[in-house]
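Topology and contacts: notes
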Amino acid sequence: MARLVSTALVRGLVRSCRAPSVAAVSQSAFQQFMKYSSGIGHSNANGDSGSTGVAADPDTHQDFQPTSKSSSMSFNDIVSQDIKENPVLIYMKGYPDAPRCGFSALAVKVLQRYDVPISARDILGDPKLKESVKAHTNWPTFPQIFIKGEFVGGSDIILDMHQKGQLKDVLGDIAPKSEQSDTS
């Protein structure tokens, strides 16, 4: 699909070089490209202008549009519930098994040294969740780590607490993952 768009754009520009009115033709090719890529001025097969697929694709159908997975809970309620229910929680970029940021990876590595269960949420997947977490803590950066319902800070603070031996004291009464899996 991208190849077709780029080929059409190149052909339009090549034709514009041959045409007497260069500005009119190249502007037309550019406008067609912009309409295709941005979806402005197009509607999908159902006549809806709010298409979430490729704007000029006549095969776009409402059955294939993303559906909302929202529940009756607000994002603020979700954040509050996460903090209350998880002894060690990290809002991060990516997941503990696949961090998508060096700071998130550092925080996970430090916490994993203590063999505690780590609950995590990927803030990259939902900008509204990200904004709710930032509003809850009044802290602008990620990762954001909560231990026993209290906001601790980011990876730099966790690393500092680890180096000073304070993190061991804070995490001391949280059951290690190995004990939790034995009781399940």
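You'll find the structure just up there.
What comes next is a walk through the structure.

1. Focus on the packing of aromatic side chains
- This structure, assessed with the given rule, holds 3 aromatic pairs.
- Measuring from ring centre to ring centre gives 5.5 Å for Trp 139 and Phe 151, while their planes differ by 65°; the resulting arrangement is edge-to-face. Here Trp 139, found in the loop between helix 5 (127-137) and strand 5 (144-147), pairs with Phe 151, found in strand 6 (residues 150-153); they are 12 residues apart in sequence, far enough to count as distant.
- Residue Trp 139 is classed as partly exposed on the basis of its relative accessible area of 30%.
- What makes Phe 151 partly exposed here is its relative accessible area of 27%.
- An aromatic cluster is present here, built from Tyr 91, Trp 139, Phe 146 and Phe 151 joined pairwise through their rings.

2. Topic: helix 5
- Every buried residue of helix 5 is accounted for by Leu 129, Ser 132, Val 133 and Thr 137. Relative to the axis of helix 5, the buried residues are bounded by an arc of 120° and lie together on one face. Away from its buried face by more than 90 degrees, helix 5 exposes Pro 127, Lys 128 and Ala 135.
- A side-chain oxygen of the first residue of helix 5 lies 3.1 Å from the backbone nitrogen of Lys 128; this N-cap is Asp 126.
- Two residues or fewer past helix 5, Asn 138 is found with a positive phi of approximately 60°.

3. Some details on the environment of Met 161
- Note that Met 161 resides in helix 6 (residues 155-164).
- The exposure class of Met 161 is buried, given its relative accessible area of 13%.
- Apart from the residues lying within four places of it in its own chain, the contact partners of Met 161 are Val 152, Gln 166, Leu 167 and Val 170.

4. Considering the pattern of salt bridges
- Using the criterion set out here, one finds 4 salt bridges in the structure.
- Here Arg 121 makes a salt bridge to Asp 82, at a shortest N to O gap of 2.5 Å. With Arg 121 in strand 4 (residues 119-122) and Asp 82 in helix 3 (residues 75-85), this residue pair connects regions lying 39 residues apart in the sequence.
- Taking the relative accessible area as the measure of exposure, Arg 121 reaches 33% and is therefore partly exposed.

Definitions and limits used
Residues numbered from 1 in each chain as written. Predicted model: local features only at pLDDT ≥ 70, side-chain atom pairs only at ≥ 80, totals over all residues. Heavy atoms only, no water. Phe/Tyr/Trp six-rings, centres within 6.5 Å; stacked < 30°, edge-to-face > 60°. Helix = DSSP H or I, 4+ residues; strand = E, 2+ residues; numbered from the N terminus. Buried < 20%, exposed > 50% of the residue type's maximum accessible area, 1.4 Å probe, protein only. Arc of directions from axis to C-beta. Polar contact = N/O pair within 3.5 Å; in protein donor to acceptor, adjacent residues only side chain to side chain. Contact = heavy atoms within 4.5 Å. Salt bridge = Lys/Arg side-chain N within 4 Å of Asp/Glu carboxyl O.

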